[in-house]
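Observations on the model geometry
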Amino acid sequence: QVQPVESGGGLVQAGGSLRLSCVASGSMSSINAMGWFRQAPAKQREWVAQIISGGSTNYADSVKGRFTISRDNAKNTVYLQMNSLKPEDTAVYYCRLSTTGFIKNYWGQGTQVTVSS
């Protein structure tokens with residue numbers, strides 16, 4: 001069983017930066033994709049960024065150029081570097097680890113990010 005645990009959230013002013021971390025416990029041998037999602041109050045959870053086993057990355061248009069996803073395989077950790085933060089980035093950020101074909105998905109408990117104007 002894989003269990004992701006997020007950290008790094010907090011309160012930051014608009015224009016500031018935060019780095020989120022997601023550390024995974026358990027065997028990562030079946031994990032092919034690692035992603036970040038977010039959910040703002042009264043809104044549906046939305047995809048933010050993804051990195052797959054080969055290192056390819058993808059981003060939602062709303063964060064492209066401001067956020068960077070990366071991974072450290074030795075530490076079983078995926079990061080989300082968030083720069084030029086905006087109030088609309090305020091949300092609970094979730095890490096998701098997925099097997100090939102997204103047959104199994106493992107979610108973390110989330111970390112709150114609040115951006116003040």
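Check the entry above for the structure.
The notes below deal with the structure included here. (Residues numbered from 1 in each chain as written. Predicted model: local features only at pLDDT ≥ 70, side-chain atom pairs only at ≥ 80, totals over all residues. Heavy atoms only, no water.)

**Comments concerning the nonpolar core**
A general feature of soluble globular proteins is that nonpolar side chains tend to end up buried together. Counting 30 residues, the largest nonpolar core has Trp36, Leu80, Met82, Tyr93 and Leu97 as the members making the most contacts within it. Going through the elements one at a time, β3 (18–25), β4 (31–39), β5 (46–52), β7 (67–72), β8 (77–82), β9 (91–99) and β11 (111–116) are the ones with two or more residues in this core. (Core = buried A, V, L, I, M, F, W, Y, C linked by side-chain atoms within 4.5 Å. Buried < 20%, exposed > 50% of the residue type's maximum accessible area, 1.4 Å probe, protein only. Helix = DSSP H or I, 4+ residues; strand = E, 2+ residues; numbered from the N terminus.)

**Quick look at the packing of aromatic side chains**
Applying the stated criterion to the full structure yields two aromatic pairs. Clustering of aromatic rings is evident, with ring pairs tying together Phe37, Tyr94 and Trp107. If you follow arginine 45 out to its NZ or CZ, it ends over the ring of tryptophan 107, 4.7 Å from the centre. (Phe/Tyr/Trp six-rings, centres within 6.5 Å; stacked < 30°, edge-to-face > 60°. Lys NZ or Arg CZ within 6 Å of the ring centre and 35° of its normal.)

**Focus: unusual backbone geometry**
Notably, alanine 42 is not glycine yet its phi reads approximately 65°, a positive angle. In this fold, alanine 42 is placed in the loop between β4 and β5.

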